[in-house]
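What follows is each chain in one-letter form.
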Amino acid sequence: MTHSNRNFVFAYVLLVALPLFGLAGVLRSGQKLSAPISVGGLWKINANQDQLAGLLCGKFLLAQNAAFTISQSGRAFTLNLPNSAWSATSGAIEGNTINATLIPSVVAAKDPGCAEHSLSLTAIVDPKASPRSLQGTLRVQNCPGCAAVEFRGIRDEQAKTKETH
């Protein structure tokens, strides 16, 4: 084999064969991956108004049209509560469960009892429901005597389609 043919074979293996083997390995390992459920969008929520009134800093949910917006990236998400006493917060998706910790905003921290406490939001998403729904609880952290408040949410599919167009 001549020197130029040997260089051609070496270059071919280096620039074509090795990347193809690498691509095949990545594709094979990627077969085991699954995408997390989609929770992004506007969620309209409702809960027992009497329970919410007793919840420390739970005033943001007392509105008739209480809602929050979730922006999702993979298994992580950001939860925003419009016109709320709570700061935007991040959370995680594990299977069909979402978890987030709501921290009082600077304004809400001035209310009695709000500065020392944050809320823990845990909800289970029903991926088969149309529109998608969730059911969960809000708990005041570091408050053993505080009762949990159950809530339900329905994703606003109209708001979701407006975002994509």
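Residues numbered from 1 in each chain as written. Predicted model: local features only at pLDDT ≥ 70, side-chain atom pairs only at ≥ 80, totals over all residues. Heavy atoms only, no water.

**Some words on the nonpolar core**
In step 1: By size, the foremost hydrophobic cluster in this structure holds 28 residues, and its most contacted members are Val39, Phe68, Ile70, Ile98 and Phe151.
In step 2: Those elements that provide at least two residues to this core are strand S1 (41-47), strand S2 (67-73), strand S3 (76-80), strand S5 (97-102), strand S6 (119-126), strand S7 (133-140) and strand S8 (149-155).
In step 3: Looking at which element gives the most residues to this core, the answer is S6, with 4 residues.
In step 4: What Ile98 contacts, discounting residues up to four positions off in sequence, is Val39, Ile70, Phe77, Ala92, Ile93, Leu121, Thr122, Ala123, Val125 and Leu134. (Core = buried A, V, L, I, M, F, W, Y, C linked by side-chain atoms within 4.5 Å. Buried < 20%, exposed > 50% of the residue type's maximum accessible area, 1.4 Å probe, protein only. Helix = DSSP H or I, 4+ residues; strand = E, 2+ residues; numbered from the N terminus. Contact = heavy atoms within 4.5 Å.)

**Examining the pattern of salt bridges**
In step 1: With the rule as written, the count across this model stands at 1 salt bridge.
In step 2: Salt-bridge contacts for Asp156 lead to Lys44; the nearest nitrogen and oxygen are separated by 3.7 Å. You can see Asp156 sitting in the loop between S8 and helix H3 (157-164) and its partner Lys44 sitting in strand S1, a full 112 residues away along the chain.
In step 3: Classification of Asp156 by relative accessible area gives buried; the value is 15%. (Salt bridge = Lys/Arg side-chain N within 4 Å of Asp/Glu carboxyl O.)

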